[in-house]
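As a plain string of letters, each chain reads:
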Amino acid sequence: IDDTQANIDDTQDSIDETQDDIEEKQEELGDKQEELSRRVVTSYKSGGNTAISLLLSSTSFDELISKAYYIDKVNENDKETIDTVHRIQDELAQQKAALEQQKTELEQQKAELEGQRTELEGLKSTQVKQLDDMKAKKDEVQTLLDGLNDDVKELMEKRDAEILEAARQEEEAR
């Protein structure tokens with residue numbers, strides 16, 4: 001029972017830890033989704049063709065290359081953010097699955113513990129019954145012994161009386 005209870009405690013600790021991890025990932029996911037949302041809203045408000053407009057507004061080749069580099073970095077950052085969101089979503093799904101597995105294990109362990117407790121209670125009641133039966137047998141044997149002691153005493157007294165009578169008769173016969 002103690003081992004099962006220790007397993008239950010360990011599983012509960014693991015569930016709590018996983019739950020904390022899930023909450024952290026959900027917060028991180030919310031932040032990244034909010035960041036993406038702001039970028040999409042900004043892009044939509046500006047007409048969606050800001051990259052082309054920005055490139056076409058260049059007045060020199062150097063400015064065009066610089067703006068293209070800037071646009072590439074922004075797109076790269078957006079892609080990284082999207083990849084991060086997908087990675088976090090995958091991790092979150094895995095952690096939720098692990099959490100459900102841990103909860104299932106916990107329920108199984110609790111059921112096992114309850115079964116052990118029920119079995120222990122059954123054994124205890126059996127032992128109590130056996131102990132009561134043994135006490136009753138002891139009392140019965142003691143009563144029998146007490147009865148025998150009285151019979152033995154009576155027989156001994158009778159024998160002693162016979163020996164004394166025989167000794168007295170032998171004395172008189174002399």
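Residues numbered from 1 in each chain as written. Predicted model: local features only at pLDDT ≥ 70, side-chain atom pairs only at ≥ 80, totals over all residues. Heavy atoms only, no water.

Novice: Before we move on, can you summarise the pattern of salt bridges with the specific residues and values?
Specialist: Within the structure shown, the criterion is met by 11 salt bridges. A salt bridge links K25 to E28, with the nearest nitrogen and oxygen atoms 3.9 Å apart. Taken as a pair, K25 and E28 lie in helix 1 (residues 2-45) at a separation of 3 residues, close to a single helical turn. For E91, the salt bridge goes to R87, with nearest N and O atoms at 3.0 Å. With E91 and R87 both in helix 3 (residues 61-173) and 4 residues apart, the pair spans about one turn of that helix. Each of K25, E28, R87 and E91 takes part in a single network of salt bridges with overlapping partners. (Salt bridge = Lys/Arg side-chain N within 4 Å of Asp/Glu carboxyl O. Helix = DSSP H or I, 4+ residues; strand = E, 2+ residues; numbered from the N terminus.)

Novice: Account for the nonpolar core, with residues named and values stated.
Specialist: Residues I8, I15, I22, L29, L36, V85, I88, L92, L99, L106 and L113 constitute the largest nonpolar core, which totals 11 residues. Secondary structure elements with two or more residues in this core: helix 1 and helix 3. The greatest single-element share of this core, amounting to 6 residues, is contributed by helix 3. With sequence-adjacent residues up to four places away left out, I8 is seen in contact with L106, Q109, K110 and L113. (Core = buried A, V, L, I, M, F, W, Y, C linked by side-chain atoms within 4.5 Å. Buried < 20%, exposed > 50% of the residue type's maximum accessible area, 1.4 Å probe, protein only. Contact = heavy atoms within 4.5 Å.)

Novice: Explain the environment of H86 residue by residue, including any values.
Specialist: Locating H86 in the fold gives a position in helix 3. Classification of H86 as partly exposed rests on a relative accessible area of 44%. For the pair H86 and D20, spaced 66 residues apart in sequence, the C-alpha separation works out to 20 Å.

Novice: Summarise the packing of helix 1 against helix 3; cite the residues concerned and give the values.
Specialist: In a packed pair of helices, the relevant descriptors are the angle between the two axes and the axis-to-axis distance. Relative orientation of the contacting elements helix 1 and helix 3 amounts to 160°, with a least axis distance of 8 Å. Taken as axis vectors, helix 1 and helix 3 run roughly antiparallel relative to one another. As for the relative orientation of helix 1 and helix 3, their crossing is left-handed in sense. Class assignment for the residues of the contact of helix 1 with helix 3 results in 13 nonpolar, 18 polar and 15 charged. (Axes fitted to C-alpha atoms, helices over the stretch in contact; angles between N-to-C directions. Parallel < 35°, antiparallel > 145°, perpendicular 65-115°, else oblique. Left-handed = near helix turned anticlockwise from the far one by under 90°. Nonpolar A, V, L, I, M, F, W, Y, C, P; charged D, E, K, R; others polar.)

Novice: Tell me about a nonpolar patch on the surface, residues and numbers included.
Specialist: Taken together, the side chains of V141, L144, L145 and L148 present a nonpolar region at the surface, about 360 Å² in accessible area. Along the chain, the position of L144 falls in helix 3. Owing to a relative accessible area of 56%, L144 belongs among the exposed residues under this scheme. (Patch = residues over 30% accessible without salt bridge, like charges linked within 9 Å, V, L, I, M, F, W, Y side chains within 5 Å. Areas by Shrake-Rupley, 256 points an atom, 1.4 Å probe, with all protein chains shown as cover.)

Novice: Tell me what's going on with the confidence of the model for the chain, and back it up with residues and numbers.
Specialist: Mean pLDDT over the chain stands at 86; residues scoring 70 or higher make up 98%. Highest mean pLDDT in the chain belongs to helix 3 (88); lowest belongs to helix 2 (residues 50-56) (77). (pLDDT = per-residue confidence, 0-100.)

Novice: Lay out the environment of I65 with the relevant residues and their values.
Specialist: Note that I65 resides in helix 3. By relative accessible area, I65 is classed as partly exposed at 44%. Separated by 10 residues in the primary sequence, I65 and L55 place their C-alpha atoms 8.6 Å from one another.

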